[in-house]
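# Understanding the architecture of this molecule
Residues per chain, in single letters:
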Amino acid sequence: MSELKDRESIKTLQARQVGNAHTERRFDVPVVVDLEKCITKCRICIDSCPVDCLAVNPETGKAHMKFDECWYCLACEIDCPKDAITVKIPFLLR
Amino acid sequence: MDDTTLEADIVVVGGGSAGSTAAIRAQQSLPRGRVILLEKAHIKRSGAIAIGMDGLNNAIIPGHATAEQYVKEITMANDGIVNQRAVWEYAINSYSMIEELDRWGVKFQKTAAGDFDVKKVHHKGSYVLPMPEGYDLKKILMRVLKRAGVQIINRVMATRLLKDGDRIAGVLGFDTRTGQYTVIKAKAVILCCGASGRLGLPASGYLYGTYENPANAGDGYSLAYQAGAELTGIECFQINPLIKDYNGPACAYVTGPLGGHTVNARGNRFIESDYWSGHMMMEFYRELHSENGPVYLKLDHLAPETLTEIERVLHKTERPSRGRFHQGRGKGYASDLVEMHISEIGLCSGHSGSGVWVNERGETTVPGLYAAGDMACVPHNYLLGALTYGKLCAQHALDYIGGFDTQELHSEQQDQIAKERERVFAPLSRPDGIPHHQFEYKVRRLVNDYLQPPKSANRLRAGLEYFDRATHELEEVGASGPHDLMRVMESHFIRDCAEMAARASLYRTESRWGLYHYRQDFPKMDDENWFVHVNLKRDEHGQMQLFKREIDPYVVPLDESELRGYHHLRIPAAEADAAQ
């Protein structure tokens, strides 16, 4: 037991000193963009977002919700000239 | 990357309602002057009213209400702790603001005779003016801003104010898209940064499910505090009755005049007035946690045409996604009661009385620094108060800057600029640091644990201990780009606001404003010792200092019974119920 106790005190110290590790996690997000309707290079919804959570997806050239920070205020959906956006209530609140 | 360095006569920080009228007024009066409007988002959809408001909650329309009546009502609603001269100034200037909005094309509800169609929601007087097409408001403000020739800078976030000795000398910040550091030298700064709305954590645990626009993270509270300005009434929290799990109000202002009201689980009314005050919230809280809870909004007795009218307004303005929320739960106004709950805590003078100290000219205690809107303490000021005070601030800032030329930046300012650059960009040097959302979740969860009423000294102290530790934890938070950096800087604001909220709540050893400052260890209101403002500021050693500030003699006197006018909101029958 005394060996384990020493080990614990060493690990306690190490736990305060080691760097950070991280992992990736998938989130269901409220803003869904219809890629057929969305216009490449149009940035209207991206400008509308009060929390700046939308961006152009470099893979598709279309808008997408890049950051999980949506206030579901509908600014992007209302301002989109092509009706390409549907905002869902975030799953945690649905 | 080189800094962006700009010069202006007046910088307005925040392009919501208050910031828009401030910048418009300043530029109109200085046709050749330089007015910069700095906005963290984009002015077309920024501020508390991204999607517009359904009405003005505090309109003082001749023939319906008087300035005297209004000042009395707000004094009552705020248990006497008001700078009445500031409320009075709003009261006498707000009608001309309505007329100006009317000329700009804002559509207010009018009667067949063409008069403003005012409704009664407050406990005593009639002040609610519906604005059924309020979703146009922000567009209209943007049009007027552009016509006035204001220089608008979107997506730049202010992080600190530049000082020259005691007075304000400019704004420091960065572009949240490019990361460009921005220095704006100015003769005067008007802060219009909105509420501290990302303080408490919504019960859902969803960080951005706040009542306030989450972009309003308390930026202005922290900017003013760090610049040495006084803040006041921070212990008078904002807590609102909302739809359960949805961040929209129920909403008394819209449904009340059409016959909607709050009931308990037994279907009985228990409060006389649905107007939001601390005392109303206290009764709401008591009912919610009694065996008569939950609490509901009752609309199912209304005629189908009335419900259509309610939906037409509620599903298009302010929080327009509420329709799909109800539908997702399989609920409708005609067939179901709408379950309600109370919001997370926040700081906001627009709804309660917590903000940066300002006088009737919108001046803070720092020369050259003005504040308007939700962040400036003119209690219960709401949207029309923001619009009116934005304009007032601009008028007085113009008088102030008339006196001097822009100063050169001395080495003292160069030091401030360099120090802030280092502070702001530090998180980029640790991209593998703690993610901002984890830090934020933790600090806001602890705000709920320790600051949410009912309050007690022991819990508040425990909270303070953590908020102090959080200062060091912030040094571990990392960012991988300018967007993340914005969130990290907001985390700093949130932590500052949490500390202010804890210290101010601890300092006022009495209960006041119903639920907003309900201390279990001091449950009674104590006028003998606490009929004062509680103010706080950063002293020369960087410590948070709390002190009492006398209440100036009233402009509109109230007798003792009037002062307690908001203390009896519980319906007598419900009083008997609650006592059983």
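Residues numbered from 1 in each chain as written. Chains lettered and ligands numbered in written order. Predicted model: local features only at pLDDT ≥ 70, side-chain atom pairs only at ≥ 80, totals over all residues.

So, about the domain arrangement of chain B. Residues and elements named next belong to chain B. According to the domain assignment, chain B consists of domain 1 (4-236 + 346-411), domain 2 (241-342) and domain 3 (415-531). Averaged C-alpha coordinates put domain 1 and domain 3 at centres separated by 23 Å. Taken together, the contacts link 36 residues of domain 1 with 37 residues of domain 3. Elements with a contribution of two residues or more to the side of domain 1 that touches domain 3: strand 6 (156-164), strand 7 (167-175), strand 8 (181-191) and helix 5 (219-226). In the side of domain 1 that touches domain 3, the residues fall into 16 nonpolar, twelve polar and eight charged. (Domains from an automatic or database assignment. Contact = placed C-beta atoms within 7 Å. Helix = DSSP H or I, 4+ residues; strand = E, 2+ residues; numbered from the N terminus. Nonpolar A, V, L, I, M, F, W, Y, C, P; charged D, E, K, R; others polar.)

Turning next to the confidence of the model for chain B. Looking at chain B, the pLDDT average stands at 94 and 98% of residues meet or exceed 70. As scored by the predictor, the complex reaches a pTM of 0.96 and an ipTM of 0.95. (pLDDT = per-residue confidence, 0-100.)

Moving on, we come to helix 12 (residues 436-451) of chain B. Residues and elements named next belong to chain B. Between its first and last C-alpha, helix 12 extends 21 Å over 16 residues, near the 22 Å set by a 1.5 Å rise per residue. Within helix 12 the residues assigned to the buried category are His 436, Phe 439, Glu 440, Val 443, Arg 444, Val 447, Tyr 450 and Leu 451. Looking straight down helix 12, one finds that the buried residues subtend no more than 135° of arc, so they occupy a single side. Structurally, helix 12 contributes buried residues whose contacts are with helix 13 (457-473) and helix 14 (482-507). (Expected span 1.5 Å × (residues − 1). Buried ≥ 20, exposed ≤ 12 C-beta atoms within 10 Å, placed from the backbone. Arc of directions from axis to C-beta.)

Let's shift gears to the packing of helix 12 of chain B against helix 14 of chain B. All names here are of chain B. Interhelical geometry of helix 12 versus helix 14 gives an angle of 15° and a closest axis separation of 10 Å. Judged on the interaxial angle alone, helix 14 and helix 12 are roughly parallel. Helix-helix and strand crossings are classified by hand; for helix 12 and helix 14 the assignment is left-handed. Seen from helix 12, the contacting residues are His 436, Phe 439, Glu 440, Val 443, Arg 444, Val 447 and Leu 451; seen from helix 14, they are Asp 484, Arg 487, Val 488, Ser 491, Ile 494, Arg 495, Ala 498, Ala 501, Ala 502 and Ser 505. (Axes fitted to C-alpha atoms, helices over the stretch in contact; angles between N-to-C directions. Parallel < 35°, antiparallel > 145°, perpendicular 65-115°, else oblique. Left-handed = near helix turned anticlockwise from the far one by under 90°.)

Tracing the sequence through the fold places Arg94(A) in the segment after strand 4 (85-87). Expressed as a C-alpha distance, the spacing of Arg94(A) and Ile44(A), which sit 50 residues apart in the sequence, is 27 Å. Leave out the neighbours within four places in its chain, and Arg94(A) touches Ile89(A) and Gly328(B).

What follows concerns the sheet that holds strand 17 (residues 544-549) of chain B. Residues and elements named next belong to chain B. Here we have four strands laid out as an open sheet, ordered 14-9-16-17, and antiparallel in their pairing. Across the chains shown, the open sheet's two edge strands, defined by having one partner strand only, are strand 14 (355-356) and strand 17. Pairing of strand 9 (residues 231-232) with strand 16 (residues 533-538) involves two bridges; the strand directions are antiparallel. Across the sheet, the residue bridging to Thr 232 is Asn 535, located in strand 16. (Pairing = 2+ DSSP bridges.)

Time to look at the sheet that holds strand 10 (residues 241-243) of chain B. Across a sheet, paired strands are connected by hydrogen bonds in the backbone, their directions being either parallel or antiparallel. Residue and element names in this part refer to chain B. In space, the four strands of this open sheet follow the order 10-13-12-11, with antiparallel pairing throughout. A strand with exactly one partner marks an edge of an open sheet, and here the two such strands are strand 10 and strand 11 (261-264). When strand polarity is set aside, the average angle formed by the axes of neighbouring strands in this sheet is 45°. Sheet topology places strand 11 next to strand 12 (residues 295-298); four bridges connect them, and they run antiparallel. Across the sheet, the residue bridging to His 261 is Lys 298, located in strand 12.

Now for the pairing of strand 2 (residues 35-39) of chain B. Residues and elements named next belong to chain B. Within strand 2, five of the five residues are buried, which leaves it mostly tucked inside the rest of the structure. Of the two faces of strand 2, the one lined by Val 35, Leu 37 and Glu 39 and the one lined by Ile 36 and Leu 38 are each fully buried. Sheet analysis places strand 1 (residues 4-13) next to strand 2, joined by four bridges and oriented parallel. Its bridge partner lying in strand 2, Val 12 is registered against Leu 37.

Below, the discussion takes up the interface of chain B and chain A. The interface of chain B with chain A comprises 27 residues on the first partner and 22 residues on the second. The greatest single-element share of the side of chain B that touches chain A, amounting to three residues, is contributed by helix 9 (residues 322-328) of chain B.

Our focus in this paragraph is unusual backbone geometry. Cis geometry marks the peptide bond from Gly293(B) to Pro294(B), where omega comes out at -5°. Considering the arrangement of structural elements, one finds Pro294(B) in the loop between helix 7 (278-288) and strand 12. In this structure, the amide linkage connecting Pro453(B) to the following residue, Pro454(B), adopts the cis form with an omega of 0°. Tracing the backbone through its elements, the reader meets Pro454(B) in the loop between helix 12 and helix 13. A positive phi angle is found at Asp52(A), which is not glycine, with a value near 55°. For Asp52(A), the position within the fold is in the loop between helix 2 (44-48) and strand 2 (54-56).

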